[in-house]
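One letter stands for each residue in the lines below.
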Amino acid sequence: MTKDFRFDGATFTRGSDGYEAARSATVWNARTPERYPELIVQAVSERDVATAVRLAGAEGMSVGIRAGGHSWAGSHVRDGGLLLDVSRLRDTTIDAEGMRATVQPGAPGSETMQALIDQDRFFPGGHCVGVCFGGYLLQGGFGWNGRVHGPACMSVEAIDAVTADGEQIRASETENADLFWAARGSGPGFFAAVTRFHLRIYEAPEVTANAVYTYPLEELEAVFEWAAEIGPEVPRFMELMLFIHRDQAGEVEVAVTGPVLAATEAEAAAALALLETCPVRDRAKLAVPRVDVGLADLYAGVHANYPDDHRYCVDNMWTHAPVAELLPGLERIAATIPSAPSHMLWMNWGDSPERPDMAYSVEDETYIACYGIWADPADDRRYGDWATDNMRAMEAAASGIQLADENLRNRPARFVTEANLARLDEVRAKWDPDGRFHSWLGRP
Ligand SMILES: Cc1cc2nc3c(=O)[nH]c(=O)nc-3n(C[C@H](O)[C@H](O)[C@H](O)COP(=O)(O)OP(=O)(O)OC[C@H]3O[C@@H](n4cnc5c(N)ncnc54)[C@H](O)[C@@H]3O)c2cc1C
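For clarity, every value in this text was computed on a predicted model and none was experimentally measured.

So, how was this worked out
- Starting from 1, residues in each chain are numbered consecutively following that chain's sequence as written.
- Only residues with pLDDT of 70 or above have their local features reported here, since the model is predicted, and side-chain atom pairs are shown and tallied only from 80 upward, although totals for entire chains, interfaces and linings are computed over all residues.
- Water and hydrogen atoms play no part in the side-chain values, which are based on all heavy atoms of the structure.
- Runs of E in the DSSP output that reach at least two residues are strands. Runs of H or I that reach at least four are helices, and both are numbered from the N terminus.
- Pairing between strands is defined by DSSP: at least two bridges between the two strands are required.
- Interaxial angles span 0 to 180 degrees and are taken between N-to-C directions of axes, which are lines fitted to C-alpha atoms, for helices over the stretch in contact.
- Should any heavy atoms of two residues lie within 4.5 Å, those residues are considered in contact.

(A) Examining unusual backbone geometry more closely. The peptide bond linking Ala 340 to Pro 341 adopts the cis configuration, its omega dihedral lying at 5°. Mapped onto the secondary structure, Pro 341 falls in the loop between helix 10 (323–336) and strand 18 (343–348). Despite not being glycine, Asn 145 has its phi angle at roughly 55°, a positive value. Structurally, the position occupied by Asn 145 is in the loop between helix 4 (133–139) and helix 5 (146–149). The backbone of Asn 176 shows a phi angle near 45°, a positive value even though the residue is not glycine.

(B) Quick peek at the sheet that holds strand 4 (residues 82–85). Across the sheet, four strands lie side by side as 1-2-4-3; this open sheet has mixed pairing. Pairing within the sheet leaves two strands with one partner each, and these edge strands are strand 1 (11–13) and strand 3 (63–66). Adjacent strand axes in the sheet meet at a mean angle of 15° when their direction is disregarded. Two elements, strand 3 and strand 4, share four bridges in a ladder whose sense is parallel. The residue of strand 4 that forms the bridge with Gly 64 is Leu 83. The sheet contacts of helix 2 (residues 46–59) involve strand 2 (39–42), strand 3 and strand 4, and relative to strand 4 the element is tilted by about 175°.

See the structure below:
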């Protein structure tokens, strides 16, 4: 490294001691992709980020960026070029009075959420421990109370970023507005290195509670029909979710949960009562109509479905198709689902605040995602295509995908509108004319 490109953090060239540990540590999914960058830079300062981008420019290298490493596909790990690891940039500031916060890309959403709750404030951070703001906010962000506040990127007011020419700039509605437009929804295809997000924050909900029901597989159609029917009545502060998964004995079942993060006790109680209206309620194997929980319990509950150090294949779709049309696909998923904690998630998403003009632009009434999860590398062949195959089988009913759970390398799919994709290409050509930053995996 010449003195023009000196870093405060560590660097690893391919083949050097520590390179492989540094590379595989960038991916949370235990299936680290077989792709090998030439240089890994572990940035510890904003200056390191700018230096890395300038070095890449000088050497003609492309740049992949890792924040929390929770991209299932390991989108930041590419062959050749520079892998810029910004996970050590984790500073968070909170202005509780001014209802504003700033976060660096490596800040885990769950930690920031706890700091906010301690000050009676809230942000729609991701549902799992460890998901960091870098990738989460760029792709949209489907977090706690996501239907109350919209995808989390709606609450981003500005970003600080290093552009392809190595300059540190701010982008907002009024400054560099086209880059800001792209930052809210382009996800792993964004073309600048974000060093800080400026966020609007909210009052913390007064009441947090949940309910859990499980039904035998024979009731799959009845439970999904009912959930689709009540979906439009479900208040924004309740996240109605259905799961197809295996119980402890290995039997496939349908689970229903409805976390509420409500402003009043009366609202919470009315929302939870909706879950008692299932026409096959008397067939429930388990019924817990209400459990009062803290946010930490909600995080722990979700995280139990996504164990660390496991191997994952994930794919997804948005849809507004009726259950009758989805049923063959749902039954196929139930018939082929790998062992626990693999699962299919069905999430009620309709009715939510009006969206501003931003790159994020594809969503629908219902979200479906398949998460294949296993521990033994020997099972890669057996389970590695389960999610992709099932989402491919249901493609005719899909209106697009979330970038949160993208699998574009294996199954290209629509993730923003055609008009926004064309505009993203134009804005990229202006800000990153030499293609310094990688585009979406699977798209040249
Ligand atoms: C266990 C688990 C639970 C999840 N739960 C949720 C959830 O509840 N809601 C939800 O919406 N999503 C969820 N996700 C998906 C997650 O939000 C996305 O994978 C997101 O990209 C993760 O952000 P990250 O910073 O941790 O990931 P990374 O893998 O580090 O980043 C993903 C991509 O974002 C880009 N990027 C990251 N940082 C920067 C930066 N500073 N500048 C420019 N580009 C950058 C890069 O292109 C990178 O490839 C979950 C994922 C996992 C593994």
